[in-house]
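The primary structure of each chain is shown beneath.
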Amino acid sequence: MKIKDSVVTFNSLIKRRGFIWGPSPEIYGGLAGFYSYGPAGMALKNNIMALFRKELRYFGFGEVECPTIMPSIVWEASGHLERFIDPVIRCSKCDTLYRVDKFLQEVLPDLLVDGLSNDEMEKLIEQHNLTCPKCGTPFNKIESYNLMLKTQVGNNVDAYLRPETATTTYLLFNRLDQDARRQYPIKVYQFGKVYRNEISPRQGVLRMRAFDQFELQLFISKQQEMDFEDYEEIKTNKLPLLDWKLQEKNLDKPQLISLENAIKKELLKKPAYAYCLYVGYYLTKILGIPEQVIRFRQHSINERAHYADDAWDLEIETKQFGWVEICGIHDRTDYDLRRHSEFSKQNFEVSMGSDPKIKEIPQVLEIAFGIDRIIYTLLENAFNVEEGRIVLKLDPQLAPNTVAVFPLVRNKEDIRNLAIKAHKDLLENRLGSFFDSAGSIGKRYRRQDELGTPFCITIDYESLEDNSVTIRERDTMDQIRVDISKISKAIKLRLKI
RNA sequence: GCGCUCUUAGUAUAGUGGUAAGUAUGCCAGGUUGCCAACCUGGCGACCCGGGUUCAAUUCCCGGAGGGCGCACCA
């Protein structure tokens, strides 16, 4: 294949090598917003999650998993039924769709549109004789565009597929409170599928209708938010922050600033929230994403979700799509727990300090990753074209294959057998080894380069003499010889495991 | 969702109202090969779906699905 345009080459690589396929189901023409992962993509995803799980154990987080379907009342309480359903008006002539509230606010800037019912908004349209800005035609009635997918459970009980994992985690609050023996902050996370009925999904896996979230939650007291032990250990770390004041000045370069200073300068209000930014940054960095393409962008006040007191997005710069949000860090206050407490009639007030008489509903800080976006941005950043070679420079721990084993030539039985033996030995050591004897040796190296395999082992004629093999390193293409009995050890050493 | 535009092997593309839909790469089998997409032999593989016009449609027309771009949307 000719390597011309790198974006085209990249997009075809993703498909050819079995990372991501779709829209699914491809054989039926596909449904927009749905994608499948091939073996390489899934291996990558699993490796990312394995790494995250290991790291989160270190940070003191436990993992939970909840159903992806929840009854209506949950979404009433969470505010999603009210806020996740967009009221829209449609032009009766040109069929253009407008968000009613946004449209009204734009046309009638002096009015407080927020919180008006559909009837009230319809009245406003009538009163002011508002028509479609495009063609001047009157509007139809207000319709609802529901971003949540509705379904029915059992005997016609209305339920919704969850649009985020976070809410389902909050529903476990009283269990978690017991489970953690009231040791606050409680740190938990959930990984799993969520569903959003996007109006027009685009940009491949960046905006899917079914995707994986990986959301971390801190249940924490107000006092701890301001005086947080874990913060002290990390406060000198510098993060690239682009607050909304900078954005208002039309700047898009973040300032590299220590969390300590960010608090001092009131870019950030709470040390515990600053800690969340750090965790998000840390998890992104250990995937091998370079600093230069990472920034935190603060939401402006009207960009924020209904539950958020402060919100920063961790964004990664991509060639194809510009800055892409891969993680949202939200100060959700006590909004969620308060609402679920009200709707479920449970008492979520707990004593979180030394005085048992002082009770409060915990605050929630959230670090929400979109795993599929991580995978896309990671692949794009790892993708390199160098003098005719396509290579994915993935972190060795994340690569779909850790090591590939080749006989130098296919038709010499002794060499082949020795190669198979080496391959099996790696597998015995539970290292992700892949055996290939097809085509020339160079071809096999190239195949593995495209998959991001960090190490290739070649068994040659010399191996038959002295039991030594070559280890070829992906990024430099350098080779060293090691004894065949020491391959697994050598690979583990390089993986730092 | 609206407008414009596109859709041909796994990937990237050429082309056609009619008898074998071409090329590159890939893949498979075999040969060759003493370390970076080499070579030889043989083989595999495609006109997005539905309807219409036509003696005949992958090609023209209509509709649908999907992709790209612009608008809207993206709590």
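Residues numbered from 1 in each chain as written. Chains lettered and ligands numbered in written order. Predicted model: local features only at pLDDT ≥ 70, side-chain atom pairs only at ≥ 80, totals over all residues. Heavy atoms only, no water.

1. Some words on the overall build of chain A
Scanning chain A from N- to C-terminus turns up 19 helices and 24 strands. C-alpha extents for chain A along the principal axes are approximately 90 × 65 × 55 Å. Looking at chain A residue by residue over its 497 residues, the buried ones come to 51%. Nonlocal contacts in chain A, meaning residues at least 24 apart in sequence, comprise 65% of its contacts between residues at least 6 apart. Surface accessibility of chain A: about 24600 Å² in total, with carbon and sulfur atoms responsible for 48%. (Helix = DSSP H or I, 4+ residues; strand = E, 2+ residues; numbered from the N terminus. Buried < 20%, exposed > 50% of the residue type's maximum accessible area, 1.4 Å probe, protein only. Contact = heavy atoms within 4.5 Å. Areas by Shrake-Rupley, 256 points an atom, 1.4 Å probe, with all protein chains shown as cover.)

2. Focus: the side chain of Glu198
Along the polypeptide, Glu198 turns up in the loop between strand 10 (186-195) and strand 11 (210-220). With a relative accessible area of 14%, Glu198 lands in the buried category. Here Glu198 is in contact with Tyr145, Arg207, Met208 and Arg209, once residues within four sequence places are set aside.

3. So, the sheet that holds strand 7 (residues 143-146)
If you trace the three strands from one edge of the open sheet to the other, you get 6-5-7, paired in antiparallel fashion. A strand with exactly one partner marks an edge of an open sheet, and here the two such strands are strand 6 (97-99) and strand 7. Pairwise comparison of adjacent strand axes, ignoring direction, gives a mean angle of 45 degrees for this sheet. By the bridge criterion, four bridges tie strand 5 (residues 85-90) to strand 7 in an arrangement that is antiparallel. Paired with Ile85 across the strands is Asn146, a residue of strand 7. Set on the sheet, helix 5 (residues 100-107) makes contact with strand 5 and strand 6; between it and strand 6 the angle comes to about 75 degrees. (Pairing = 2+ DSSP bridges. Axes fitted to C-alpha atoms, helices over the stretch in contact; angles between N-to-C directions.)

4. Here's the deal with the environment of Asp414
Tracing the backbone through its elements, the reader meets Asp414 in helix 16 (residues 413-428). Accessibility expressed as a relative area gives 55% for Asp414, which makes it exposed. Taking the C-alpha atoms as reference, Asp414 lies 9.8 Å from Ser463; in sequence the two are 49 residues apart.

5. Quick word on the pattern of salt bridges
When their charged atoms lie close together, side chains carrying opposite charge are able to pair. In the structure shown here, the tally under the stated rule is 31 salt bridges. Its salt-bridge partner being Asp313, residue Arg297 comes within 3.8 Å of it at the nearest N-O pair. With Arg297 in strand 14 (residues 294-298) and Asp313 in strand 15 (residues 310-318), this residue pair connects regions lying 16 residues apart in the sequence. A relative accessible area of 3% means that Asp313 is categorised as buried. Several salt bridges converge on common partners, so that one network encompasses Glu386, Arg389, Lys393, Asp449 and Arg472. (Salt bridge = Lys/Arg side-chain N within 4 Å of Asp/Glu carboxyl O.)

6. What to know about the protein's contact with RNA strand B
Around RNA strand B sit 49 residues in total, of which Phe84, Arg99, Lys443, Tyr445 and Gln479 are the nearest. In RNA strand B, the atoms that sit within 4 Å of the protein are 47% sugar and phosphate, with bases accounting for the remainder. A distance of 2.7 Å separates a base nitrogen of RNA strand B from a polar side-chain atom of Arg196. Take Ser200: an N or O atom from its side chain is 2.9 Å from a base nitrogen of RNA strand B. Every element with two or more residues in the surface near RNA strand B is listed here: helix 1 (6-16), strand 6, helix 17 (441-451) and strand 23 (468-473). In terms of residue count, the dominant contributor to the surface near RNA strand B is helix 17 (seven residues). For the surface near RNA strand B, a count of residues per class yields 18 nonpolar, 13 polar and 18 charged. (Near = heavy atom within 4 Å. Polar contact = N/O pair within 3.5 Å; in protein donor to acceptor, adjacent residues only side chain to side chain. Nonpolar A, V, L, I, M, F, W, Y, C, P; charged D, E, K, R; others polar.)

7. Focus: the nonpolar core
In this structure, Phe214, Leu241 and Leu268 are the most contacted members of the largest nonpolar core, which totals 75 residues. No other element matches the 10 residues that helix 13 (residues 271-285) contributes to this core. Beyond its immediate stretch of four places on either side in the chain, Leu241 contacts Leu246, Pro254, Gln255, Ile257, Ala262, Leu267, Leu268, Leu277, Phe296 and Trp312. If you look at the next biggest cluster of nonpolar residues, it comprises 19 residues, including Ala422, Phe455, Ile484 and Ile487. (Core = buried A, V, L, I, M, F, W, Y, C linked by side-chain atoms within 4.5 Å.)

8. Some remarks on the packing of aromatic side chains
The full count for this structure, using the stated rule, is 16 aromatic pairs. On the numbers, 5.2 Å between centres and 80 degrees between planes, the contact of Tyr58 with Phe59 is edge-to-face. Since its relative accessible area comes to 9%, Phe59 is described here as buried. The structure contains a cluster of three or more aromatic residues connected by ring pairs, namely Phe10, Phe321, Tyr376 and Phe383. Here the basic side chain of Arg295 rests over the ring of Trp323, its NZ or CZ set 4.1 Å away from the ring centre. (Phe/Tyr/Trp six-rings, centres within 6.5 Å; stacked < 30°, edge-to-face > 60°. Lys NZ or Arg CZ within 6 Å of the ring centre and 35° of its normal.)

9. Looking at the domain arrangement of chain A
Per the domain assignment, the segments of chain A are domain 1 (37-69 + 160-382), domain 2 (85-144) and domain 3 (401-495). Using C-alpha coordinates to define each centre, domain 1 is positioned 40 Å away from domain 3. (Domains from an automatic or database assignment.)

10. Considerations on helix 14 (residues 335-344)
If you check which residues of helix 14 are buried, you get Tyr335, Asp336, Leu337, Arg339, His340 and Ser341. The positive-phi residue at the C-terminal boundary of helix 14 is Lys345, with phi of around 60 degrees.

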